[in-house]
Amino acid sequence: MPEHPTPWMTVREDVDAAMRKDPAATSRLIVLLTSAGLHAIWLHRIAHRWWLKRGFKWPARLLAYISRAVTGVEIHPGAHIGRRFFIDHGMGVVIGETAEIGDDVMLYHGVTLGGTSHKRTKRHPTLGDNVLVGAGAKILGPVHVGANAKVGANSVVIKDVPTGAVATGVPAVYRFPQIAKGEETLGREIDPKDLPFIDPAIYI
């Protein structure tokens, strides 16, 4: 796969990601025409391109504003978003200006990647590749969420989350799911309180 895909290739990748990650997606055509999350990311890719051009920041902000009105997803045109990004449902997602999102990331509705500083500096989160963020979760400040990490629904993340960890709670704490799986293979009964750390999707 080329390092810099064509716009059409990017659209196709995004639709493929939606078909893989959304069990309600049964038709590529329906997804193409009705997925607000996909429409938001496609409009963002245009706005981000404009944002990087001299003299195009105000058209980029205007396009981002129109995208928010149409899709219910607010993405600052300065945010950097990787390939095969998918927002399920979409409504209420907010992604700040200095946010950085890796490849194959999935967000559910109501997620906020927000800032905690009023200074013009790196103030929004960085998400590694293959991160999943549950509905209503808030990741605040210039924290780093490592690759393959999962953030449970309604969690509030204000500290870094290591690669492969599962973060849940307010404020979020993290554990590593392989520990629980190891206990399971030893025949130990898993405490129900540990279930969110094994499969955070139960909160989504």
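The numbering scheme is per chain: residues are counted from 1 as the chain's sequence reads. Reporting in this predicted model follows two pLDDT cut-offs: at least 70 for local features of residues, and 80 or more for side-chain atom pairs to be given and counted; totals over whole chains, interfaces and linings ignore these cut-offs and use all residues. The side-chain quantities take in all heavy atoms of the structure and omit both hydrogens and water.

Undergrad: When you look at the pattern of salt bridges in this model, what are you seeing that I'm missing?
TA: Pairing between side chains becomes possible if they bear opposite charge and their charged atoms approach one another. For this analysis, a salt bridge means a side-chain nitrogen from Lys or Arg found within 4 Å of a carboxyl oxygen belonging to Asp or Glu. The final tally for this structure, using the stated rule, is 8 salt bridges. Linking Arg83 and Glu13 is a salt bridge whose minimum nitrogen-to-oxygen distance equals 2.5 Å. Of this pair, Arg83 sits in the loop between strand 2 (80-81) and strand 3 (86-87) while Glu13 is found in helix 1 (residues 7-21), placing the two residues 70 residues apart along the sequence. Only protein chains enter the calculation, and the probe is 1.4 Å; a residue is then buried if its accessible area is under 20% of its type maximum, exposed if over 50%, and partly exposed in between. On the basis of relative accessibility, which here comes to 7%, the residue Glu13 falls in the buried class. Residue Lys122 is joined to Glu100 by a salt bridge in which the shortest nitrogen-to-oxygen separation is 3.2 Å. With Lys122 in the loop between strand 7 (112-114) and strand 8 (126-127) and Glu100 in strand 5 (residues 100-101), this pair connects stretches of sequence that are 22 residues apart. Take Lys122: its relative accessible area is 31%, and that puts it in the partly exposed class. Three or more residues joined by partner-sharing salt bridges are found here, namely Glu13, Arg83, Arg84 and Asp104. Strands are runs of DSSP state E lasting at least two residues, helices are runs of H or I lasting at least four, and both sets are numbered from the N terminus onward.

Undergrad: Where do I start with a nonpolar patch on the surface in this structure?
TA: The patches reported here contain residues having more than 30% relative accessible area and no salt bridge. Joining distances are 9 Å for like charges and 5 Å for nonpolar side chains (Val, Leu, Ile, Met, Phe, Trp, Tyr). We get accessible surface area from the Shrake-Rupley algorithm with a probe of 1.4 Å; when it comes to residues, only the shown protein chains can shield them. On the surface, a nonpolar cluster with roughly 590 Å² of combined accessible area is contributed by Trp58, Leu62, Tyr65, Ile66 and Val70. Along the chain, Ile66 falls in helix 4 (residues 57-71). In this structure Ile66 comes out as partly exposed when scored by relative accessible area, which is 42%.

Undergrad: What is the right way to look at helix 4 in this model?
TA: Given 3.6 residues per helical turn, the α-helix brings residues three or four places apart onto the same face. Under the 1.5 Å per step criterion, the end-to-end length of helix 4 is 21 Å for 15 residues, consistent within 8% with the ideal 21 Å. Among the residues trailing helix 4, Gly72 stands out with phi positive, at a value near 80 degrees. Here the expected span of a helix is defined as 1.5 Å times the quantity of residues minus one.

Undergrad: Sorry, what's going on with unusual backbone geometry here?
TA: Note the cis peptide between Val170 and Pro171, where omega equals -10 degrees. One can find Pro171 in the loop between strand 14 (166-168) and strand 15 (173-175). Located in the positive-phi region is Arg84, a residue other than glycine, with phi close to 55 degrees. Tracing the sequence through the fold places Arg84 in the loop between strand 2 and strand 3. Not every positive phi belongs to a glycine, and Asn130 is a case in point at roughly 60 degrees.

Undergrad: Explain the packing of helix 3 (residues 36-51) against helix 4 to me, please; I cannot follow it from the model alone.
TA: How two helices pack is summed up by the angle between their axes together with the distance between the axes. Axis geometry follows a simple rule: fit a line to the C-alpha atoms, using only the stretch in contact for helices, then measure angles between N-to-C directions, giving values from 0 to 180 degrees. Between helix 3 and helix 4, the least distance of the axes is 8 Å, while the angle of their chain directions is 175 degrees. Judged by the angle between their axes, helix 3 and helix 4 are roughly antiparallel. Together, Ala36, His39, Ala40, Leu43, Ile46, Ala47, Trp50 and Trp51 of helix 3 and Lys57, Pro59, Ala60, Arg61, Leu63, Ser67 and Thr71 of helix 4 make up the contact between the two elements. Of the residues that constitute the contact of helix 3 with helix 4, the class distribution is 10 nonpolar, 3 polar and 2 charged. Roughly parallel means an angle under 35 degrees; roughly antiparallel, over 145; roughly perpendicular, 65 to 115; everything else is oblique. In this analysis, two residues are considered to be in contact whenever any of their non-hydrogen atoms come within 4.5 Å of each other. Put simply, Ala, Val, Leu, Ile, Met, Phe, Trp, Tyr, Cys and Pro go in the nonpolar bin, Asp, Glu, Lys and Arg in the charged bin, and everything else, Gly too, in the polar bin.

Undergrad: Can you walk me through the confidence of the model for the protein chain in this structure?
TA: Predicted coordinates in regions of low pLDDT should not be interpreted in detail. The quantity known as pLDDT measures the predictor's confidence residue by residue, on a range of 0 to 100. When pLDDT is averaged along the protein chain, the result is 86, and 85% of the positions lie at 70 or above. By mean pLDDT, helix 5 (residues 177-185) is the weakest element of the protein chain at 49, and strand 8 is the strongest at 98. Under a pLDDT of 50 for its full length, residues 179-188 has, in the predicted model, 4 contacts with residues more than four places off or in other chains.

Undergrad: Honestly, the sheet that holds strand 4 (residues 94-95) in this entry has me stumped. Any pointers?
TA: Where strands meet in a sheet, backbone hydrogen bonds hold them as pairs that are either parallel or antiparallel. Ordered by their spatial adjacency, 5 strands build an open sheet running 1-4-7-10-13, and the pairing between neighbours is parallel. The open sheet has two edge strands with one neighbour each: strand 1 (74-75) and strand 13 (156-157). Two elements, strand 4 and strand 7, share 2 bridges in a ladder whose sense is parallel. Bridging across to strand 7, Val94 finds its partner in Thr112. By the convention used here, strands pair only if DSSP detects at least 2 bridges between them.

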